[in-house]
Amino acid sequence: MKIYKFKDEIDGNFAFIIAKNEDEAAATLTITSSIPFKFIESKNIEEHNRPVILLNNILPF
């Protein structure tokens, strides 16, 4: 599994998806979003030497 990073082409927001391949990740994002997006990069989960936060809407203060 890899972490795939996408960026929407309207507001510049990011989506991070864990999937087996880029096609699967893009197909999942297509189902859940109506805004056009582009692929940015991917990394193996093992490349990270710290926990990965996929989404955090809690304010930092």
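Everything quoted here is computed from the prediction, not taken from an experiment.

Visitor: I would appreciate a short explanation of the sheet that holds strand S1 (residues 2–8) in the present structure.
Guide: Pairing between the strands of a sheet is mediated by backbone hydrogen bonds and can be parallel or antiparallel. Spatial strand order, S2-S1-S3: three strands in an open sheet with antiparallel pairing. The open sheet has two free edges, formed respectively by strand S2 (14–19) and strand S3 (37–44), since each of these has just one partner strand. For this sheet, the mean angle separating the axes of adjacent strands, direction not counted, is 25 degrees. Pairing analysis gives six bridges linking S1 to S2, with the strands arranged antiparallel. Among the inter-strand pairings, Lys5 is bridged to a residue of S2, identified as Phe16.

Visitor: Would you mind showing me how to read the nonpolar core here?
Guide: The nonpolar side chains of soluble globular proteins are, as a tendency, buried together. Counting residues in hydrophobic clusters, the biggest one holds seven residues: Tyr4, Phe6, Ala15, Ile17, Ala19, Ala25 and Leu29. When contributions to this core are tallied by element, the ones reaching two or more residues are S1, S2 and helix H1 (22–32). The element best represented in this core is S2, accounting for three residues.

Calculation notes
- Residues numbered from 1 in each chain as written.
- Predicted model: local features only at pLDDT ≥ 70, side-chain atom pairs only at ≥ 80, totals over all residues.
- Heavy atoms only, no water.
- Pairing = 2+ DSSP bridges.
- Helix = DSSP H or I, 4+ residues; strand = E, 2+ residues; numbered from the N terminus.
- Axes fitted to C-alpha atoms, helices over the stretch in contact; angles between N-to-C directions.
- Core = buried A, V, L, I, M, F, W, Y, C linked by side-chain atoms within 4.5 Å.
- Buried < 20%, exposed > 50% of the residue type's maximum accessible area, 1.4 Å probe, protein only.

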